[in-house]
Amino acid sequence: AAPRPGVGLDALPLRDNLRGGTAYGAPQLEVPVQLNTNENPHPPSAELVADIAAAVSGAAADLNRYPDRDAVGLRTDLAGYLTRQTGVPLDADMVWAANGSNEILQQLLQAFGGPGRSAMGFVPSYSMHPILAAGTDTRWIPVERAADLSIDIDAAEAALAECRPDVLFVTTPNNPTGHVVDLGDLRRLLDAAPGIVVVDEAYAEFSPSPSACTLLAEYPAKLVVSRTMSKAFAFAGGRLGYFAADPSFVEAVLLVRLPYHLSMVTQAAARAALRHAEETLASVALLADERKRVTAGLEEQGYDVLPSEANFVLYGPFTDAARAWQRYLDAGVLIRDVGIPGRLRATIGLEKENDRLLQVSADLAAEEL
Ligand code: PMP
């Protein structure tokens, strides 16, 4: 059959605030070196693969039934892991899980944002925060970061007082810059915020800095800490995110979540992955070492690299970031143009992948700098 042209988006009765919007679009390309979506490059071990397969096979026998709607077993395991990782005692009733932290953030906006409400974030940060705000019809208030791309806390306090957002996003370590917000600054933001504060800790395991979970007891009616198994946990394909907060926040998202949102397969696979947490997270130390090596290598080549406590680095300057991105791609290295003029973001990969990144960077530096 002949391809159908489609009527075009303009012909549809789309909600006004979505018109002219851009979909999330990290390119998914088959290239030898993939350093563009901040995944853990270490594949799961054979034992972990076998354990997940066995767990999923066990779940398969019950697929005629709906899964545990409240994922109590998984949340208990997540609470145990988070308690060990942060040193903050947490119970299952303080932990909620969903399909990736994207769904966690969406549920929070469904409950605390929405028409007539607003969400604030410090840009540049994770590109999904404004997209999720648009999807829930929450007005998005971007506040520019300081020249070094850290959060200017004085300016943030002023913006919070002026705009009074219902939701504040604080990403630490921040994507795409790698910056960490220390607990002192976080306290100032929490004190100044009139609404809830969602601390997006997607990259927390890569950082030696203390988790915002440390402040949960101090700010029970305000603070939500969002986490994911997609990054350090090497479980991006499994789609599992979670938050830690006062149990009342769990009650709040129960009002908006879809029933049975976490499939039996997802719950079983995530619990199996959690049983191997220690072994998986051993790769985090290797990646931190590689981040130091890549940073030093790029700096030696004359690049300016932002200090990062995550599994990626933002660096430059490039006279034309889009053109430089294409040059990396032509050389088989997929990194990310996050739209910051003159800068690109590269995920830290395996040693060989990082060597390739450094090689191509050296070639470009010879032309550019
Ligand atoms: N938060 C931040 C800061 C991220 O960088 C990402 C992934 N790019 C996410 C949340 C969402 O990840 P996921 O839905 O896979 O948990």
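Because the structure is a prediction, the values reported are computed rather than measured.

### Quick word on helix α4 (residues 128–135)
When α4 is considered as a whole, its buried residues turn out to be M128, H129, L132 and A133. Axial view of α4: buried residues confined to an arc of 140°, hence all on one face. Positioned one or two residues after α4, D137 has a phi angle of 55°, which is positive.

### Observations regarding the sheet that holds strand β6 (residues 196–200)
Taken together, the seven strands give an open sheet; going across it, the order is β2-β8-β7-β6-β5-β3-β4, and neighbouring strands pair in mixed fashion. With one partner strand each, in any of the chains shown, β2 (95–98) and β4 (139–144) form the two edges of the open sheet. For this sheet, the mean inter-axis angle between neighbouring strands, taken without regard to orientation, is 25°. In terms of strand pairing, β2 meets strand β8 (residues 241–245) through four bridges, oriented antiparallel. Within β8, the position partnered with V95 by the bridge is A244. Where helix α2 (residues 72–86) meets the sheet, it contacts β2, β7 (223–228) and β8, and its direction lies at approximately 115° from that of β2. Taken strand by strand, helix α6 (residues 183–192) contacts β3 (118–123), β5 (167–171), β6 and β7, and its axis lies near 170° from that of β5.

### Thoughts on the packing of aromatic side chains
What the rule picks out here adds up to nine aromatic pairs. With a centroid separation of 3.9 Å and an interplanar angle of 15°, the aromatic rings of Y66 and Y260 are classed as stacked. Of this pair, Y66 sits in the loop between α1 (46–60) and α2 while Y260 sits in the loop between α7 (247–254) and α8 (264–275), and the two are 194 residues apart along the sequence. Residue class for Y66 comes out exposed when judged on its relative accessible area of 62%. Accessibility expressed as a relative area gives 28% for Y260, which makes it partly exposed. Aromatic ring contacts, followed pair by pair, group Y303, Y315, F318 and Y328 into a single cluster.

### Quick word on the pattern of salt bridges
Applying the stated rule across the entire model yields 15 salt bridges. D154 is the partner of R188 in a salt bridge, and the nearest nitrogen-oxygen pair spans 2.7 Å. Here R188 is found in helix α6, whereas its partner D154 is found in helix α5 (residues 153–163), with 34 residues between them in sequence. Residue R188 is classed as partly exposed on the basis of its relative accessible area of 32%. In this structure D154 comes out as exposed when scored by relative accessible area, which is 54%. We note a salt bridge from E367 to R323, for which the minimum N-O separation is 3.9 Å. In this pair, E367 sits in helix α11 (residues 351–368) while R323 sits in helix α10 (residues 321–330), placing the two residues 44 residues apart along the sequence. The network of salt bridges with common partners includes D154, E157 and R188.

### Some details on the packing of helix α3 (residues 100–112) against α7
The contact between α3 and α7 brings their axes to 9 Å, and the two run at 85°. For the element pair α3 / α7, the angle class is roughly perpendicular. On α7, the residues that touch Q107, L108, A111 and F112 of α3 are F249, A252 and V253.

### Focus on the packing of α2 against α8
The packing of two helices is summarised by the inter-axis angle and the distance between the axes. Interhelical geometry of α2 versus α8 gives an angle of 25° and a closest axis separation of 10 Å. The angle between α2 and α8 places the two elements in the roughly parallel class. α8 is crossed by α2, and the crossing has left-handed handedness. Across the interface between the two elements, G73, L74, D77, L78 and Y81 from α2 touch Q267, A270, R271 and L274 from α8. Split by residue class, the contact of α2 with α8 holds five nonpolar, two polar and two charged.

### What to know about the site of the ligand
In the neighbourhood of the ligand, 13 residues make up the surrounding shell, with S101, D200, Y203, T228 and S230 lying closest. The separation between an oxygen atom of the ligand and a polar side-chain atom of N175 is 2.8 Å. Note that an oxygen atom of the ligand is positioned 2.5 Å from one of the side-chain N or O atoms of T228. Calculation on the ligand without its partners gives an accessible area of 400 Å², and the protein chains cover 94% of this total. Considering every element that reaches the shell around the ligand, the biggest residue donor is α3, with three residues. Taken together, the residues that form the shell around the ligand break down as three nonpolar, seven polar and three charged.

### Digging into the UniProt feature "domain: Aminotransferase class I/classII large" (unreviewed entry) in the protein chain
Under the present numbering, the feature "domain: Aminotransferase class I/classII large" (unreviewed entry) in UniProt falls on residues 33–358. What you have in residues 33–358 is 41% helix and 16% strand, and the ends, taken at the C-alpha atoms, are 12 Å apart.

Rules of the game
Residues numbered from 1 in each chain as written. Predicted model: local features only at pLDDT ≥ 70, side-chain atom pairs only at ≥ 80, totals over all residues. Heavy atoms only, no water. Buried < 20%, exposed > 50% of the residue type's maximum accessible area, 1.4 Å probe, protein only. Helix = DSSP H or I, 4+ residues; strand = E, 2+ residues; numbered from the N terminus. Arc of directions from axis to C-beta. Pairing = 2+ DSSP bridges. Axes fitted to C-alpha atoms, helices over the stretch in contact; angles between N-to-C directions. Contact = heavy atoms within 4.5 Å. Phe/Tyr/Trp six-rings, centres within 6.5 Å; stacked < 30°, edge-to-face > 60°. Salt bridge = Lys/Arg side-chain N within 4 Å of Asp/Glu carboxyl O. Parallel < 35°, antiparallel > 145°, perpendicular 65-115°, else oblique. Left-handed = near helix turned anticlockwise from the far one by under 90°. Nonpolar A, V, L, I, M, F, W, Y, C, P; charged D, E, K, R; others polar. Near = heavy atom within 4 Å. Polar contact = N/O pair within 3.5 Å; in protein donor to acceptor, adjacent residues only side chain to side chain. Areas by Shrake-Rupley, 256 points an atom, 1.4 Å probe, with all protein chains shown as cover. UniProt positions renumbered as here; feature names shortened; annotations may be inferred.

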